[in-house]
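# Working through the structure, step by step
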Amino acid sequence: MEPVIELKGITKQFPAVLANDHIDMSIRKKEVFAIVGENGAGKTTLMNIIYGLYQPDSGKILIRGKETRINGPHQAIAEGIGMVHQHFMLVPVLTVAENIVLGIEPTKAGLVMDMDRARKEVAEFSQKYGMPIDPDARVEYLPVGMQQRVEIIKALFRGAEILILDEPTAVLTPLEREGLFLTINALIEQGKTVIFISHKLNEVMAIADRIAVLRGGRVMGVVDSKETSEAQLARMMVGRDVVLDIAKNPQKLGELVLEVQDLRAKNERGLDAVKGISFHLRRGEILGIAGVEGNGQTELIRVLTGMAKAESGKVLVNRKEMTGATVKSLRRAGIAHIPQDRLRTGLILPFNISENIVLGMHAEPPFARGIVQQRAEVNRFAKEKEDEFDVRPRDITVKAKSLSGGNQQKVIIAREVSSGPEVMIAAQPTRGLDIGATEFVHRKLLEERDKGKAVLLQSLELEEILSLSDRVMVMYGGEIVGCFETKTTNEDELAHYMLGLKRQEHVKA
Ligand SMILES: Nc1ncnc2c1ncn2[C@@H]1O[C@H](COP(=O)(O)OP(=O)(O)OP(=O)(O)O)[C@@H](O)[C@H]1O
Ligand SMILES: [Mg+2]
């Protein structure tokens, strides 16, 4: 098949890093072309260049054999290129159909016409590519998997022939991912081309025809998925062998640190989300929360971290009642939190790395004396943490907003682990992390457990839950419907509980 996009010597320098270094790449029509690489390897930057959001410092882009300068997204769209970003860009208060026509010049007959057309085409695309969706639903109420569909349909609506998906599966449940893969196959069948970025090598092996590996802004190689293995890809990405499965030390169970009794809470829309759940957590233990997204996990964690109030029930930390306590006093009591939505709650984007690393501790010694900030101490600490947690670039003055997705996550984890918690509440702690960083975070969480801390781990990845947790509880419809010793359960059994097909009565985890 002929190439649809050819990149020749694409180079992009940011103040602190050379993000793309003479990249050559040729993407063929009707293929799924995957790009893998560590956090900060330059994947998103390259995609932003193809989509016209950044101009390369040098190099050429050929589209269907013709050299093209892509001045902005409007031009990329005109060339048939569509992009679904790592962080979605929909307008929450608008409906699906409104989001889809948004930004397109109204036709002569006005916007009303376009809305009808949008509704019709949504239905048509839904059918053709297996993406059912309600055009009149408000986007903010849709689960992420649905929001992603809207993004894809929006790109197709604009005539995309080449679709860039930047870490589309990072936010999906296994079931939603299956759906996305069916859609991708349908797109290819219709003659389209898909560029697919992911950190999950098993996915890449399953969906891609060819895989390009980036490291430090350079192409390390392009391989046929039939002729490679996960281990080989990992080695090309990281430059060393990566342990994909880590050994767990025997457990030393200690005192009770967290107790939750008959907790009830509403979600942001005022509907019952957590419906009377009870569980406990001891030192030296990792308790996993498994569940399909939207079954109360988020609301439970919001309550436990002080970001939302419970309707009723009790929360005790070290046997002291902390129900309804503020974020600050919960932190003091030893609760740390790796939030799932790092852009909204984990970081202050305009602040630099050092400011973000001491966030929450910045007003206390040794980072402040009275009201005087101790800059030198902050900087020393931030540099140390940058090294320990391998935040790239190694420059504490870089603003959080210009870090790659995975490095933003590392900054949060560095801060939360360093705050010396008693209980670490980790919500999807490895979402968007590369394999090396995932390995690292897993080790850190196990280290916390072995030091006698407690970890509450919420993840949509059953594999992650099973490999780290000592016990697992399953949430479904706002309740705990099952609790298991990890040793005696498996993915299959958990899946039955997650889908509501089975339940234990009155679980006290
Ligand atoms: N707007 C920007 N300003 C300054 N530096 C940037 C900007 N965008 C990206 N960078 C830097 O360029 C490098 C490549 O970032 P990029 O986002 O392309 O990585 P990535 O491969 O997509 O990583 P991830 O897997 O974490 O998403 C990083 O070091 C990042 O900090
Ligand atoms: Mg990226």
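Residues numbered from 1 in each chain as written. Chains lettered and ligands numbered in written order. Predicted model: local features only at pLDDT ≥ 70, side-chain atom pairs only at ≥ 80, totals over all residues. Heavy atoms only, no water.

### Focus on the sheet that holds strand S11 (residues 256-266)
Across the sheet, four strands lie side by side as S12-S11-S14-S15; this open sheet has antiparallel pairing. Only two strands of the sheet have a single neighbouring strand rather than two, namely strand S12 (272-282) and strand S15 (320-321). Sheet topology places strand S14 (residues 312-317) next to S15; two bridges connect them, and they run antiparallel. Across the sheet, residue Val-317 finds its bridge partner in S15, namely Lys-320. Sheet strands in contact with helix H9 (residues 297-304) are S11, S12 and S14, and its direction is about 60° off that of S12. (Pairing = 2+ DSSP bridges. Helix = DSSP H or I, 4+ residues; strand = E, 2+ residues; numbered from the N terminus. Contact = heavy atoms within 4.5 Å. Axes fitted to C-alpha atoms, helices over the stretch in contact; angles between N-to-C directions.)

### Here's the deal with the sheet that holds strand S1 (residues 3-13)
Spatially, the four strands line up as an open sheet ordered S2-S1-S4-S5, and their pairing is antiparallel. For this open sheet the edge positions go to strand S2 (18-28) and strand S5 (66-67), each flanked by a neighbour on one side alone. Note that strand S4 (residues 58-63) and S5 share two bridges and pair antiparallel. Counterpart to Ile-63 in the pairing with S5 is Lys-66. Of the strands in this sheet, S1, S2 and S4 are in contact with helix H1 (residues 43-50), which crosses S1 at around 120°.

### Let's talk about the site of ligand 1
Near ligand 1 there are 21 residues, and of these Gly-40, Lys-43, Thr-44, Thr-45 and Ser-404 occur at the shortest range. Contact distances for ligand 1 include 2.7 Å between an oxygen atom and a backbone N or O atom of Gly-40. Here an oxygen atom of ligand 1 and a backbone polar atom of Gly-405 are 3.4 Å apart. Relative to its unbound accessible area of 640 Å², ligand 1 is 87% covered by the protein chains. (Near = heavy atom within 4 Å. Polar contact = N/O pair within 3.5 Å; in protein donor to acceptor, adjacent residues only side chain to side chain. Areas by Shrake-Rupley, 256 points an atom, 1.4 Å probe, with all protein chains shown as cover.)

### Considerations on the confidence of the model for the protein chain
Looking at the protein chain as a whole, its pLDDT mean stands at 91, while 97% of the residues score no less than 70. At the level of individual helices and strands, the protein chain shows its lowest average pLDDT in helix H11 (residues 342-346), which scores 74, and its highest in strand S8 (residues 193-197), which scores 98. (pLDDT = per-residue confidence, 0-100.)

### A closer look at unusual backbone geometry
In this model, Pro-365 is joined to Pro-366 through a cis peptide bond whose omega is 5°. In this structure, Pro-393 follows Arg-392 across a cis peptide bond, with omega equal to 0°. As for its placement among the helices and strands, Pro-393 is situated in the loop between helix H13 (375-388) and helix H14 (405-418). In this model, Arg-64 sits at a positive phi of 45°, which is unusual for a non-glycine residue. Residue classification places Arg-64 among the partly exposed residues on the basis of a relative accessible area of 45%. Even without glycine at this site, Asp-390 takes up a positive phi of about 55°. In this structure, Asp-390 sits in the loop between H13 and H14. (Buried < 20%, exposed > 50% of the residue type's maximum accessible area, 1.4 Å probe, protein only.)

### Let's talk about the domain arrangement of the protein chain
Annotation of the protein chain at the domain level lists domain 1 (3-238), domain 2 (254-334 + 421-509) and domain 3 (347-420). Placing a centre on the C-alpha atoms of domain 1 and another on those of domain 3 gives a separation of 32 Å. Listed as interface residues are seven residues of domain 1 and, on the opposing side, 10 residues of domain 3. Interface area, domain 1 with domain 3, both sides summed: about 500 Å², of which 51% is carbon and sulfur. It is Ala-16, Glu-38 and Asn-39 in domain 1 that bury the most area against domain 3; as a group they hold 63% of the surface buried on that side. The closest approach of N and O atoms between Glu-38 and Arg-392, which form a salt bridge, is 3.3 Å. The interface formed by domain 1 and domain 3 contains two residue pairs in polar contact (both at pLDDT 80 or more). Here the side of domain 1 that touches domain 3 is composed, by residue class, of two nonpolar, four polar and one charged. (Domains from an automatic or database assignment. Buried area = accessible area lost by both parts, 1.4 Å probe. Salt bridge = Lys/Arg side-chain N within 4 Å of Asp/Glu carboxyl O. Nonpolar A, V, L, I, M, F, W, Y, C, P; charged D, E, K, R; others polar.)

### Side note on helix H15 (residues 435-450)
Taking 1.5 Å of rise per residue, the 16 residues of H15 would be expected to cover 22 Å, and the 22 Å separating its terminal C-alpha atoms lies within 8% of that figure. In terms of residue burial, H15 counts as a mostly covered element, since 12 of its 16 residues are buried. Of the positions making up H15, those classed as buried are Ile-435, Gly-436, Ala-437, Thr-438, Glu-439, Val-441, His-442, Lys-444, Leu-445, Leu-446, Glu-448 and Arg-449. Two to three positions downstream of the cap, the backbone nitrogen of Gly-436 sits 3.0 Å from a side-chain oxygen, assigning the N-cap of H15 to Asp-434. Among the residues trailing H15, Gly-452 stands out with phi positive, at a value near 95°. (Expected span 1.5 Å × (residues − 1).)

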